[in-house]
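# Close look at the chain arrangement
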Amino acid sequence: MDSNSQGSGGVKGGLGGLFGGGAPEYSNTELAGVPLTGMSPLSPYLNVDPRYLTQDTDEFILPTGANKTRGRFELAFFTIGGSCMTGAALGAVNGLRMGLKETSDMAWSKPRNVQILNMVTRQGASWANSLGSVALLYSAFGVAIEKARGAEDDINTVAAGTLTGMLFKSGSGLKGVARGGLAGLALSAAYALYNNWDHLTGSSSSSSRLY
């Protein structure tokens, strides 16, 4: 009996030395106290400490000097593409509405379907071009202002929105430039206020509690 236990212990020690040292032994009490949320139970014979498999916080491997959030340059591609797709969808809906309205006195036939389809594609392309151009200007101004100031905050957002509105309406004269700038200023300011609403409401509630 003793020789068998010693023999098995020798085999375990030999295998442990062969695969990089003996495995650490953990009692059932230690293993029972390890949280394994979302994981299957681990075998106590694995050569892994299960306490290293659970992390309290998310950890990412980032290049030196990189931020955990995407910058304006990375978001520019998503902004431009999303604006083009949104414009195409809205333009298609508007084109369908206009096509049905203009052909309301025609019976359902192939010429009517072709005319409606032409209106849908024309309006979809026009709206996609317009919103895509606005998104391109906004992203370019935002990246340029961020690089020039060396900071990323809501000032860049408001400035980029204002310049985008002014340049987009630059072909309509000084009044058009002014109206475009005011529209861009209002939209960008509303967007900045929306992004900081939780922070503003939290700070106001905390200051009221202090007084």
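For every chain, the first residue of its written sequence is number 1, and the numbers climb from 1 along that sequence. For this predicted model, a pLDDT threshold of at least 70 governs which residues receive local features, and a threshold of 80 or more governs which side-chain atom pairs are given and counted, while totals over whole chains, interfaces and linings are taken from all residues. Working from all heavy atoms in the structure, the side-chain values ignore hydrogens and water.

As recorded in an unreviewed UniProt entry, the protein goes by the name Mitochondrial import inner membrane translocase subunit TIM23, listed as coming from Stegastes partitus. UniProt positions are given in the numbering used here, feature names are shortened, and annotations may be inferred rather than shown by experiment. Taken from UniProt, the Subcellular location (unreviewed entry) comment for the protein reads in full: "Mitochondrion inner membrane". Among the UniProt annotations of the protein, the heading Function (unreviewed entry) holds the following wording: "Essential component of the TIM23 complex, a complex that mediates the translocation of transit peptide-containing proteins across the mitochondrial inner membrane."

The helix and strand inventory of the protein stands at 7 helices and 0 strands. Starting at the N terminus, the α and β elements of the protein follow one another as α-α-α-α-α-α-α. Residues counted as buried form 20% of the 211 residues belonging to the protein. Note on contacts: a residue pair is in contact if any heavy atoms of the two residues lie within 4.5 Å. The long-range fraction of contacts in the protein, counting pairs at least 24 apart against all pairs at least 6 apart in sequence, stands at 52%. Residue-level accessible areas treat just the shown protein chains as cover; the underlying method is Shrake-Rupley with a 1.4 Å probe. Taken as a whole, the protein presents about 15600 Å² of accessible surface, with 63% of it coming from carbon and sulfur. Helix and strand definitions follow DSSP, with helices as H or I runs of at least four residues and strands as E runs of at least two, each counted in order from the N terminus. To sort residues, take the accessible area from a 1.4 Å probe on protein chains only and compare it with the maximum for the residue type: under 20% means buried, over 50% means exposed, and anything in between is partly exposed.

Owing to its 3.6 residues per turn, the α-helix brings residues three or four apart onto one side. A rise of 1.5 Å per residue sets the reference length of helix 5 (residues 154-168), with its 15 residues, at 21 Å; its end C-alpha atoms lie 21 Å apart and thus fit the reference within 8%. Three or more residues of helix 5 are buried, namely Asn-156, Thr-157, Ala-160, Gly-161, Thr-162, Thr-164 and Gly-165. On its buried face, helix 5 sits against helix 3 (72-102), helix 4 (110-149) and helix 6 (173-195). Polar contact criterion, stated in full: a pair of N or O atoms within 3.5 Å, where within protein one must be able to donate a hydrogen and the other to accept it, and residues adjacent in sequence count only if both atoms are side-chain atoms. In this structure Asp-153 caps helix 5, since a side-chain oxygen of it lies 3.3 Å from the backbone nitrogen of Ile-155. The span one expects for a helix is its residue count, reduced by one, times 1.5 Å.

The grouping of Leu-90, Trp-127 and Leu-131 at the surface amounts to a nonpolar patch, some 240 Å² of accessible area in total. Topologically, Trp-127 is positioned in helix 4. Residue class for Trp-127 comes out partly exposed when judged on its relative accessible area of 33%. Patch membership needs two things, relative accessible area over 30% and no salt bridge, and members are linked within 9 Å if like-charged or within 5 Å if nonpolar (Val, Leu, Ile, Met, Phe, Trp, Tyr). The salt bridge criterion pairs a side-chain nitrogen of Lys or Arg with a carboxyl oxygen of Asp or Glu, the two atoms within 4 Å.

Aromatic pairing here means that ring centres of Phe, Tyr or Trp (its six-membered ring) are within 6.5 Å. Orientation follows from the plane angle: under 30 degrees is stacked, over 60 is edge-to-face, and everything else is tilted. Under the criterion given, the structure shown has 1 aromatic pair. Ring geometry for Phe-73 versus Phe-77: centroids 5.4 Å apart, planes at 85 degrees, classification edge-to-face. Taken together, the residues span about one helical turn, with Phe-73 and Phe-77 both in helix 3 at a distance of 4 residues. Either the NZ atom of lysine or the CZ atom of arginine qualifies as a charge over a ring when it sits within 6 Å of the ring centre and within 35 degrees of the ring normal. Here the basic side chain of Arg-112 rests over the ring of Trp-108, its NZ or CZ set 4.0 Å away from the ring centre.

Turning our attention to the pattern of salt bridges. All told, the structure shown has 1 salt bridge when counted by the stated rule. Put simply, Asp-153 and Arg-149 hold a salt bridge, and the shortest N to O gap is 2.9 Å. When its relative accessible area of 39% is taken as the criterion, Arg-149 is described as partly exposed.

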